[in-house]
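Close look at the chain arrangement
Spelled out, the chains give:
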Amino acid sequence: ILPTISPVLFGGVATGACVTALSSTLASSVNFGIGRVYLSEQVKNFSLPNQAPIGESGWFKAVYRRFDSDKFPNQTIPEGFKTMLLMRLAPLLPIPTDAHWYVAGTTNIKYWEFFAAHFIGTFKVAILDAFFGSLL
């Protein structure tokens with residue numbers, strides 16, 4: 001509801017979209033922090049019935065490798081940022097979207113890369129929602 005009514009609450013489409021994107025990013029940062037501090041081993045050991053643990057799955061190993069920007073030192077834009085932005089724009093992992101932020105917390109991605117990528121990825125949706133909300 002916040003993205004749609006944000007232009008009315010915060011005085012315009014741009015301001016409403018910024019507040020919405022920032023709110024969403026801060027909320028996802030809590031999930032990221034919980035994943036980083038408390039759930040790292042639990043997430044890696046979690047498995048669905050008749051499947052290998054997430055930490056042993058091919059998709060998790062690939063994501064884990066791509067989130068570590070230190071493994072790609074010559075990149076102008078950090079690899080962790082690009083991977084996080086891709087996950088935000090096109091949720092490709094075989095898990096619910098809200099769980100992406102917990103999983104990101106279990107990887108080596110730097111927090112600023114997570115925050116910036118999530119904010120930019122959320123801003124796209126927030127600006128559209130705020131615009132359509134302003135038409136109501």
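An account of the accompanying structure is given in this report. Keep in mind that this is a model prediction, so the values were computed, not measured.

**Examining the packing of helix α1 (residues 2-10) against helix α7 (residues 111-134)**
- The contact between α1 and α7 brings their axes to 7 Å, and the two run at 60°. Considered as vectors, α1 and α7 are oriented oblique to each other. When the axes of α1 and α7 are compared, the crossing they make is right-handed. Counted together, Pro3, Thr4, Ser6 and Pro7 of α1 and Asp129, Ala130, Gly133 and Ser134 of α7 form the full contact between these two elements.
- Here the contact of α1 with α7 is built from residues that sort into three nonpolar, four polar and one charged.

**Description of the layout of surface pockets**
- Reported here for the largest pocket is a volume of approximately 250 Å³.
- What lines the largest pocket is a set of 16 residues, and nearest its centre among them are Phe46, Leu48, Ile54, Trp59 and Ile95.
- If you tally residues by element for the lining of the largest pocket, the top one is helix α6 (residues 99-105), at three residues.
- When its residues are assigned to classes, the lining of the largest pocket shows 13 nonpolar, three polar and no charged.

**Observations concerning the environment of lysine 61**
- Turning to its location among the elements, lysine 61 is positioned in helix α4 (residues 58-67).
- Sequence separation of lysine 61 and threonine 107 is 46 residues, and the distance between their C-alpha atoms is 9.8 Å.
- Leaving out residues up to four positions away in the same chain, lysine 61 has contacts with Gly55 and Glu56.

**What about the packing of α4 against helix α5 (residues 79-89)?**
- Put simply, α4 and α5 touch, their axes get as near as 7 Å, and they point 135° apart. Overall, the two elements α4 and α5 adopt an arrangement that is oblique. Facing Val63, Arg66 and Phe67 of α4, the residues of α5 in contact are Glu79, Gly80, Thr83, Met84 and Met87.
- Of the residues contributing to the contact of α4 with α5, the split by class is four nonpolar, two polar and two charged.

**Quick notes on α5**
- Across the eleven residues of α5, eight count as buried, placing the element largely inside the fold.
- Taken together, the buried positions of α5 are Glu79, Gly80, Phe81, Thr83, Met84, Leu85, Met87 and Arg88.
- Packed against the buried residues of α5 are α4, α6 and α7.

**Observations concerning the nonpolar core**
- Phe67, Met84, Met87, Ala104, Ile109 and Phe114 are the most contacted members of the largest nonpolar core, which totals 18 residues.
- Elements that contribute at least two residues to this core include exactly α4, α5, α6 and α7.
- Ignoring anything within four residues of it in the chain, the contact list for methionine 84 reads Phe67, Trp101, Ala104, Ile109, Phe114 and Ala117.

Thresholds, definitions, all that
- Residues numbered from 1 in each chain as written.
- Predicted model: local features only at pLDDT ≥ 70, side-chain atom pairs only at ≥ 80, totals over all residues.
- Heavy atoms only, no water.
- Axes fitted to C-alpha atoms, helices over the stretch in contact; angles between N-to-C directions.
- Helix = DSSP H or I, 4+ residues; strand = E, 2+ residues; numbered from the N terminus.
- Parallel < 35°, antiparallel > 145°, perpendicular 65-115°, else oblique.
- Left-handed = near helix turned anticlockwise from the far one by under 90°.
- Contact = heavy atoms within 4.5 Å.
- Nonpolar A, V, L, I, M, F, W, Y, C, P; charged D, E, K, R; others polar.
- 1 Å grid on protein atoms, 1.4 Å probe; cavity = no way out; pocket = protein on both sides within 12 Å on 5 of 7 lines; lining within 4 Å.
- Points joined across faces, edges and corners; volume = space filled by probe spheres on them.
- Buried < 20%, exposed > 50% of the residue type's maximum accessible area, 1.4 Å probe, protein only.
- Core = buried A, V, L, I, M, F, W, Y, C linked by side-chain atoms within 4.5 Å.

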